[in-house]
Amino acid sequence: MRKLRIALTKGRLEKKTVSLFTAMGLDCTQLINKGRRLILPVGEYEAVLAKAADVTTYVEHGACDIGIVGKDTIAESGKSFYEVLDLGFGKCRFALAAPKGSDFFSGHQVKSIATKYPNIARGYFDRLDMDVNIIKIEGSVELAPLLGLADAIVDIVETGSTLKENGLEVIEEIMPVSARVIVNMASMKLRRDEIESFLLDVVVAKEVMEQ
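Cut-offs applied
Residues numbered from 1 in each chain as written. Predicted model: local features only at pLDDT ≥ 70, side-chain atom pairs only at ≥ 80, totals over all residues. Heavy atoms only, no water. Phe/Tyr/Trp six-rings, centres within 6.5 Å; stacked < 30°, edge-to-face > 60°. Helix = DSSP H or I, 4+ residues; strand = E, 2+ residues; numbered from the N terminus. Buried < 20%, exposed > 50% of the residue type's maximum accessible area, 1.4 Å probe, protein only. Salt bridge = Lys/Arg side-chain N within 4 Å of Asp/Glu carboxyl O.

Q: Help me understand the packing of aromatic side chains in this model?
A: One pass over the structure, following the stated rule, counts six aromatic pairs. Centre to centre, the rings of Phe94 and Tyr117 are 4.9 Å apart; their planes meet at 85 degrees, and the pair counts as edge-to-face. In this pair, Phe94 sits in strand E6 (residues 92–99) while Tyr117 sits in the loop between strand E7 (111–115) and helix H5 (118–127), placing the two residues 23 residues apart along the sequence. Assessed through its relative accessible area of 15%, Tyr117 is described here as buried. Considering the side-chain rings of Tyr124 and Phe125, the 4.8 Å spacing of their centres and the 70 degrees angle between planes classify their relative orientation as edge-to-face. Judged on exposure class, the residue Tyr124 and its partner Phe125 are both buried. Aromatic ring contacts, followed pair by pair, group Phe104, Phe105, Tyr124 and Phe125 into a single cluster.

Q: In this structure, what is going on with the pattern of salt bridges? I would like to understand it.
A: Note that side chains of opposite charge can pair when their charged atoms are close. The full count for this structure, using the stated rule, is 11 salt bridges. For Arg5, the salt bridge identified is with Glu46, shortest N-O distance 2.9 Å. On the criterion of sequence distance, the pair formed by Arg5 in strand E1 (residues 5–9) and Glu46 in strand E3 (residues 45–50) is long-range, its members being 41 residues apart. Note that Glu83 is salt-bridged to Lys71, the shortest N-O span being 2.9 Å. Of this pair, Glu83 sits in strand E5 (residues 82–86) while Lys71 sits in helix H4 (residues 71–77), and the two are 12 residues apart along the sequence. Judged by relative accessible area, which is 18%, Lys71 ranks as buried. Look at the salt bridges and you will find they share partners, linking Lys71, Glu83, Asp86 and Arg180 into a network.

Put into structure tokens, the structure is as follows:
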């Protein structure tokens, strides 16, 4: 049987995950000095480096048993797996933001919303029972209101400084975001003991890091 395979989100969450694995006592030497390799040994496990959206795909289809990915990607993906643990790092939030001073919720016309996360935005406005036009943007969504393309945006907010510099302000917070551990459904049944052992080590290391 192959090693348990863990899909890691490249970039911002990657560094925090390496710190977590180190606190777990895992040898992260090859993960730190990875070069261009994308599959690397980490202690008794195998780490796969991938883009966030691909982490959820690999876990859903069983190419990886476990994934570490942001709640934003999980919520947008609509894919099937177990979300088992909040790691508490990579914290930010989803928010609705609009040009400063604008009364977004007034009037009866259909509002246009720019976002990289159409599923999350649609779900939010459905809960408000509000009819909106969702416009998918791949780059800087803050541009859309400045260009008159959208009345507001739904996006991830960390400090809020980018919004402020572009004349936008948070109207309403939608949901908190942080790194989560996800597990393939079949793997949880077939390799439960190994996965639960990994998760226990994660919890212990997380507590040590927070002290």
